[in-house]
Amino acid sequence: MKIFGFPTFNLTKVLLTAEEVGQAYELVLLDPLKQELKTPENLQRHPLGKMPSLEDDGQFLCESGAICRYLALKNDVSLYAGDIMARAKIDQWMDMLSHHIGRWMQVFYWQEIVRPRFFKQESDAAALEEAQRFLKDVLPVLDNQLSDHAFITGDSLSIADTFGFPYFSFLSEVSVSVAAYPNITRWVEEMAARPAYHRVLARYPQ
């Protein structure tokens, strides 16, 4: 199995899931600044020329959520376990993280990390203010969910956690804070301490 991508939170979702389920893989890093996402080979893996993507036994899969589900079902169904409703709730939280919480966390990632580091551009203050405003609405929902559970969907790790944590993995590099949310803070610290996450970081160049 090969996993293709660039060291961002989206690739971290996939690698963290792979590490948690014990999936062996070869990591192939691509450089978007060298147009390596637009090559014919990568367009075969991801028709939009994005990342991450996965190659397994000659077949390709893209989109981080789909890849995380595939890795869990292939290796350790306990991360995507239960009856139809239990799995639907995992899907529910993955969607909520992607379309709401992650949607606004990504703004800080782009504005305060990507723009200054790779494009030498200043952050857009209006975009950051908008993201902060929406996060004040959505972060309490996640904090409340974590008030009764060790992990997002219960007392066992699921792909909702391996998919969702990377949105918070860059907090030390941006201006947004979760200090006002004790349950998110606890969850982030515990996820960051997991051996699987440290194995992911070891694969990334400094």
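This text goes with the structure placed above it.
Keep in mind the model is a prediction, meaning the values are calculated, not measured.

Cut-offs used in this document
Residues numbered from 1 in each chain as written. Predicted model: local features only at pLDDT ≥ 70, side-chain atom pairs only at ≥ 80, totals over all residues. Heavy atoms only, no water. Pairing = 2+ DSSP bridges. Helix = DSSP H or I, 4+ residues; strand = E, 2+ residues; numbered from the N terminus. Axes fitted to C-alpha atoms, helices over the stretch in contact; angles between N-to-C directions. Contact = heavy atoms within 4.5 Å. Buried < 20%, exposed > 50% of the residue type's maximum accessible area, 1.4 Å probe, protein only. Parallel < 35°, antiparallel > 145°, perpendicular 65-115°, else oblique. Left-handed = near helix turned anticlockwise from the far one by under 90°. Nonpolar A, V, L, I, M, F, W, Y, C, P; charged D, E, K, R; others polar. Phe/Tyr/Trp six-rings, centres within 6.5 Å; stacked < 30°, edge-to-face > 60°. Core = buried A, V, L, I, M, F, W, Y, C linked by side-chain atoms within 4.5 Å.

**Student:** Any details on the sheet that holds strand E4 (residues 59-62)? Residues and values, ideally.
**Tutor:** Taken in spatial order, the four strands make up an open sheet running E2-E1-E3-E4, and their pairing is mixed. Sheet topology places strand E2 (26-29) and E4 at the edges, where each strand pairs with a single neighbour. Strand-to-strand twist in this sheet, taken as the mean axis angle between neighbours without regard to direction, amounts to 20°. Pairing of strand E1 (residues 2-5) with E2, which is carried by four bridges, proceeds in the parallel orientation. Within E2, the position partnered with Ile3 by the bridge is Leu27. Set on the sheet, helix H1 (residues 9-21) makes contact with E1 and E2; between it and E1 the angle comes to about 160°.

**Student:** I'd like a rundown of the environment of Gly164, residues and numbers included.
**Tutor:** Its place among the elements puts Gly164 in helix H6 (residues 159-164). Overall, Gly164 belongs to the buried group, its relative accessible area being 0%. With sequence-adjacent residues up to four places away left out, Gly164 is seen in contact with Leu97 and Trp187.

**Student:** Talk me through the packing of helix H3 (residues 64-75) against helix H4 (residues 84-118); I want residue IDs and the actual numbers.
**Tutor:** In the contact formed by H3 and H4, the axes pass within 11 Å of each other and the chain directions differ by 150°. Taken as axis vectors, H3 and H4 run roughly antiparallel relative to one another. Crossing angle aside, the handedness with which H3 passes H4 is right-handed. The residues of H4 that touch H3, namely those facing Gly65, Arg69 and Leu73, are Arg87, Asp91, Met94 and Asp95. Considered class by class, the residues forming the contact of H3 with H4 number two nonpolar, one polar and four charged.

**Student:** So what about the packing of aromatic side chains? Which residues, and what values?
**Tutor:** Per the stated rule, a full pass over the model turns up eleven aromatic pairs. Relative to Tyr167, the ring of Phe9 has its centre 5.3 Å away and its plane inclined at 45°; by these criteria the two rings are tilted. One end of the pair, Phe9, is in helix H1; the other, Tyr167, is in the loop between H6 and helix H7 (182-192), with 158 residues separating them in the sequence. When its relative accessible area of 1% is taken as the criterion, Tyr167 is described as buried.

**Student:** Give a description of the nonpolar core that names residues and reports values.
**Tutor:** One broad rule of soluble globular proteins: the nonpolar side chains tend to lie buried together. Of all hydrophobic cores here, the largest spans 60 residues; its most connected members are Met105, Leu142, Phe168, Ile184 and Trp187. It is H4 that provides the largest number of residues to this core, a total of twelve residues. Other than its neighbours up to four places away in sequence, Ile184 contacts Leu139, Leu142, Asp143, Leu146, Phe168 and Val178.

**Student:** Residue-level account of the pairing of strand E3 (residues 53-56), with values.
**Tutor:** Relative to E3, E1 runs antiparallel, the two being bridged by three bridges. Paired with Lys2 across the bridge in E3 is Glu55. Bridge count for E3 against E4 is four bridges, and the pairing is antiparallel. Within the sheet, the bridge partner assigned to Asp56 lies in E4 and is Gln59.

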